[in-house]
Amino acid sequence: DFPFATSVPSITSAIRCFEMSSNHKKKESVASPSSNAESMKCALVTDFAKKFGEVEDIITFSTNFPRPVLDQKKKQMIVRVLCCSIAAGDSIVLGGKIIFLRPKLPFVPGMDVCGVVEAVTDKVKDFKVGDIVAANNGFMPVGGMAEYMLVDASLAVFKPPSVDIIQAAACSSAVTSLHSVKNVKKGDRVLVLGGSGGVGSSAIRLAKNAGASFIATTSTQHAMCSSLGADEVINYNEENWWERDTFRNNPFDIVIDTVGGGNFYGKAVHVLKSNKRGGHFIAVTGDDPKPDLTTWFKAIRFLIKIPGRPLWTRIRRAKYPRFTTLMPYDETNGLAQVLALIEKGDLEIILDESSPLPFTEEGVKTAFKTQGYGHAHGKVVVKMESVQ
């Protein structure tokens, strides 16, 4: 194994959540129950899952949960949710194994939404009632799987009129994809690990847009990945990509790992150019997709290890490819960029065949099972209602 291995399913999410954990204690995304508050329908998580995807007994559906309430001292909006998508980070929260990703129970899961602005505080100047926006909750993925969500206005962007509400709700993972391909240059050979996932599918299309001359990907979904622009699709159940002679003889310029686990960096060194020759390994995820960070000691130890591998690969640049961990970035600006790409026809968010799912207890459970068990091919979306 290569030194300084990291172990978190989404390194970027973990760091951002760690940075904001103290702020989250001060700012609840969902109002506490109150007999005087207006009610709404929502999904509620009542306990943390023992295993990823096992949500049958921990998710319930409420029809009279209090709506969120605006704090007039802040730039906040109430958004009537039209669609909510989920990602790996949402399943991580349900697992409760990361100390700074443990919301107070019960909580409304999910945060990536498209919806209609229903109310704003006086401090909000950029949005008004009736605007349709794409938004999220920033660093703690809660609040979205409901009829109404409390949104910080700085975390929302306008939905372009020509972009479908499902695409708008589902495009959050493509922001990570956009960040992961920023170093792809014209003529580069690129390998995307996990090409049929939410991040990987968009990364293929965006790498092609950036001018990559050859794109390979690992997936069981050959037709889907080929339609996105992959020149070669390797079925990981049948072949080890790091052992292929054609890749060893003609190594890649960039490898984007959206899967994690399996010491993929250690395997990629066989098919990826060294740092000195421009080889670059982009880690969207870590070496352990299901880490145990249940104590602050474990979490701090993990955070301390993060800079190790990038530093090591710069020192040993003649032998090893450069290693980069995706770090926190401007999520809201990225969301606007992705929506603009969708509007121009340069990107389409691939949905899992089950989506959109209905906003029912069974629909929400199916969404989290599909994502949690790793069965999703594309984005998983729950649709609350149509634009009225």
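Conventions adopted
Residues numbered from 1 in each chain as written. Predicted model: local features only at pLDDT ≥ 70, side-chain atom pairs only at ≥ 80, totals over all residues. Heavy atoms only, no water. Phe/Tyr/Trp six-rings, centres within 6.5 Å; stacked < 30°, edge-to-face > 60°. Buried < 20%, exposed > 50% of the residue type's maximum accessible area, 1.4 Å probe, protein only. Lys NZ or Arg CZ within 6 Å of the ring centre and 35° of its normal. Axes fitted to C-alpha atoms, helices over the stretch in contact; angles between N-to-C directions. Helix = DSSP H or I, 4+ residues; strand = E, 2+ residues; numbered from the N terminus. Parallel < 35°, antiparallel > 145°, perpendicular 65-115°, else oblique. Left-handed = near helix turned anticlockwise from the far one by under 90°. Contact = heavy atoms within 4.5 Å. Nonpolar A, V, L, I, M, F, W, Y, C, P; charged D, E, K, R; others polar. Patch = residues over 30% accessible without salt bridge, like charges linked within 9 Å, V, L, I, M, F, W, Y side chains within 5 Å. Areas by Shrake-Rupley, 256 points an atom, 1.4 Å probe, with all protein chains shown as cover. Salt bridge = Lys/Arg side-chain N within 4 Å of Asp/Glu carboxyl O. Arc of directions from axis to C-beta. Pairing = 2+ DSSP bridges. Right-handed = clockwise from strand over helix to strand, strands pointing away.

S.K.: For the packing of aromatic side chains, give the residues involved together with the corresponding values.
M.R.: For the structure shown, the criterion picks out 11 aromatic pairs. With a centroid separation of 4.8 Å and an interplanar angle of 65°, the aromatic rings of Phe247 and Phe252 are classed as edge-to-face. The exposure class assigned to Phe247 is buried, which follows from its relative accessible area of 2%. Take Phe252: its relative accessible area is 0%, and that puts it in the buried class. The structure contains a cluster of three or more aromatic residues connected by ring pairs, namely Phe214, Phe247 and Phe252. Of note, Arg189 hangs over the ring of Phe252, and the distance from its end group to the ring centre comes to 5.1 Å. Stacked on the ring of Trp242, the Lys or Arg Lys267 has its end atom at 4.3 Å from the ring centre.

S.K.: Can you explain the packing of helix α4 (residues 172-180) against helix α5 (residues 198-209)? Please cite residues and give values.
M.R.: Their axes nearest at 8 Å, the elements α4 and α5 cross at an angle of 50°. When the axes of α4 and α5 are compared, the pair comes out oblique. Like other packed secondary-structure pairs, α4 and α5 cross with a definite hand, here right-handed. In this structure, α4 uses Ser173, Ala174, Thr176, Ser177, Leu178 and Ser180 to contact α5, whose residues at the interface are Gly198, Val199, Ser202, Ala203 and Leu206. Considering only residue class, the contact of α4 with α5 consists of five nonpolar, six polar and no charged.

S.K.: An account of unusual backbone geometry is needed here, citing residue identities and associated values.
M.R.: Here the amide bond leading from Leu105 into Pro106 is cis, since omega sits at -10°, within 30 degrees of zero. Looking at the element boundaries, Pro106 is found in the loop between α2 (88-95) and β4 (112-120). Geometrically, the link from Ser355 to Pro356 is a cis peptide bond, its omega value of 0° lying close to zero. Topologically, Pro356 is positioned in the loop between α11 (331-344) and β14 (357-358).

S.K.: Outline a nonpolar patch on the surface, listing residues and values.
M.R.: On the surface, a nonpolar cluster with roughly 300 Å² of combined accessible area is contributed by Trp296, Ile300 and Ile304. Topologically, Ile304 is positioned in helix α9 (residues 296-305). In this structure Ile304 comes out as exposed when scored by relative accessible area, which is 61%.

S.K.: Which residues make up α9, and what values go with them?
M.R.: Buried within α9 we find Ala299, Phe302 and Leu303. Projection of α9 onto a plane perpendicular to its axis shows the buried side chains occupying an angular sector of 95°, all on one side. When the buried face of α9 is taken as reference, the exposed residues oriented beyond 90 degrees from it are Phe297 and Ile304.

S.K.: How would you summarise the sheet that holds strand β8 (residues 189-193) if you had to cite specific residues and measurements?
M.R.: If you trace the six strands from one edge of the open sheet to the other, you get β10-β9-β8-β11-β12-β13, paired in parallel fashion. Both outer strands of the open sheet, β10 (232-234) and β13 (322-325), are each paired with one neighbouring strand and no more. Averaged over neighbouring strand pairs, the angle between their axes works out to 15° when direction is ignored. As defined by bridge partners, strand β9 (residues 214-218) adjoins β10 across three bridges and the pair is classed as parallel. When the sheet's bridge partners are listed, Thr217 is paired in β10 with Val233. Most of the contacts of α5 go to β9, to which it runs at about 175°, and overall it touches β8 and β9.

S.K.: Describe the pairing of strand β15 (residues 380-383), naming the residues involved and giving the relevant values.
M.R.: Where strand β3 (residues 76-86) and β15 come together, four bridges link them in antiparallel fashion. Counted as the bridge partner of Ser85 is Val381 from β15. With two bridges joining them, β14 and β15 adopt parallel strand pairing. Residue pairing in the sheet places Pro358 in a bridge with Lys383 of β15. With helix α12 (residues 361-372) bridging β14 and its parallel neighbour β15, the resulting β-α-β unit is right-handed.

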